[in-house]
Amino acid sequence: MQIYTKRGDYGNTNLIGGRTISKDAIRVESYGTLDELNSLVGVIISQMTEEELVLKKELAEIQLLLFDCGTDLATLEGTRDYLITKEAVEWLESRIDDYSTEPPTIEKFVLPGGDPVASFLHLARTVTRRAERIIVSLGKTEKINRVVMIFINRLSDYFFSLARVVNSRKKIKEPFYEKGGKVFHSELKKETIPKTHY
């Protein structure tokens, strides 16, 4: 198998469906950022212990789904059926729901940190948010699989929840943003909290 093809030597690439576009197009930026995120998830898996085997397998499933998301974003509408469906979103939501009950209740914004794996998960969360912003921009000008946007939105919440679980299981105290006072209250609706902070 030859690794290099020379087809991209002039700054262009082909989408699934045959259209040639520039490598700096926002569509390429979108699935390229998901590729970056997938690589980061691989780093996280490599840093986990055998005691975290269940989480490692779950993150490996996330990698497959991220590859599916990237494939969908590289596919012109109508070329073939999309890979990411609402079932993937529902599965991710079920994992978030399970993990949200495990760590202690928080009243302040969590700062990224704690255990190294948890810190990497927070980094994955921020890369996910960047990918989401790019995908939102892409969706304003081109037709894409909208379920990918929903999945990526949930994925940042998943990484946040899992980072908290990792710290909790290792009995590592989470760092908090102290200047803002209490921001999470039982009467406060989740929708009023900035999405970047949960």
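The rules we used
Residues numbered from 1 in each chain as written. Predicted model: local features only at pLDDT ≥ 70, side-chain atom pairs only at ≥ 80, totals over all residues. Heavy atoms only, no water. Axes fitted to C-alpha atoms, helices over the stretch in contact; angles between N-to-C directions. Helix = DSSP H or I, 4+ residues; strand = E, 2+ residues; numbered from the N terminus. Parallel < 35°, antiparallel > 145°, perpendicular 65-115°, else oblique. Nonpolar A, V, L, I, M, F, W, Y, C, P; charged D, E, K, R; others polar. Salt bridge = Lys/Arg side-chain N within 4 Å of Asp/Glu carboxyl O. Buried < 20%, exposed > 50% of the residue type's maximum accessible area, 1.4 Å probe, protein only. Expected span 1.5 Å × (residues − 1). Arc of directions from axis to C-beta. Contact = heavy atoms within 4.5 Å. Phe/Tyr/Trp six-rings, centres within 6.5 Å; stacked < 30°, edge-to-face > 60°. Lys NZ or Arg CZ within 6 Å of the ring centre and 35° of its normal.

Is there a simple way to think about the packing of helix H1 (residues 26-46) against helix H4 (residues 116-141) in this case?
The angle between the axes and the distance between the axes are what describe a pair of packed helices. Contact geometry for H1 and H4: axes closest at 9 Å, N-to-C directions at 170°. Between H1 and H4, the angle falls in the class roughly antiparallel. For the contact of H1 with H4, the class distribution of residues is 16 nonpolar, 4 polar and 4 charged.

Got a minute to help me understand the pattern of salt bridges in this structure?
Side-chain pairs of opposite charge can arise whenever the charged atoms involved come near each other. Considering all chains together, one arrives at 15 salt bridges under this definition. Residues Glu142 and Arg27 are paired through a salt bridge, measuring 2.9 Å at the closest nitrogen-oxygen approach. One end of the pair, Glu142, is in the loop between H4 and helix H5 (146-169); the other, Arg27, is in helix H1, with 115 residues separating them in the sequence. Among the residues examined, Arg27 registers a relative accessible area of 2% and is labelled buried. With its nearest N and O atoms 2.9 Å apart, the salt bridge here joins Arg130 to Glu36. Taken as a pair, Arg130 in helix H4 and Glu36 in helix H1 lie far apart in primary sequence, 94 residues in all. The class for Glu36 is partly exposed, based on a relative accessible area of 38%. Bridged by salt links that share partners, the residues Arg19, Arg27 and Glu142 form one connected network.

What's the story with helix H3 (residues 86-100) in this structure? I'm lost.
Because an α-helix completes one turn every 3.6 residues, residues spaced three or four positions apart along the sequence face the same direction. The terminal C-alpha atoms of H3 lie 21 Å apart, and with 15 residues this matches the ideal 21 Å at 1.5 Å per residue to within 8%. Within the sequence span of H3, burial applies to Ala88, Val89, Leu92, Arg95, Ile96 and Tyr99. Across the axial projection of H3, the buried residues extend over an arc of 125°, all falling on one side. Those residues of H3 hidden inside the fold are in contact with helix H2 (53-73) and H5.

Would you mind showing me how to read the packing of aromatic side chains here?
For any pair of aromatic rings, geometry is given as the distance between the ring centres together with the angle between the planes. Inspection of every chain in the model, using the stated rule, returns 2 aromatic pairs. Between Tyr99 and Tyr158 the ring centres are 6.2 Å apart and the planes differ by 55°, which places this aromatic pair in the tilted class. Of the two residues, Tyr99 is situated in helix H3 and Tyr158 in helix H5; the sequence distance between them amounts to 59 residues. Grouping residues by exposure puts Tyr99 and Tyr158 together as buried. Taken together, a centroid distance of 5.6 Å and an interplanar angle of 65° make the contact between Tyr158 and Phe159 edge-to-face. A relative accessible area of 0% places Tyr158 in the buried class. A relative accessible area of 0% places Phe159 in the buried class. Above the plane of the ring of Tyr99 lies Arg95, whose end atom (NZ or CZ) is 4.9 Å from the centre.

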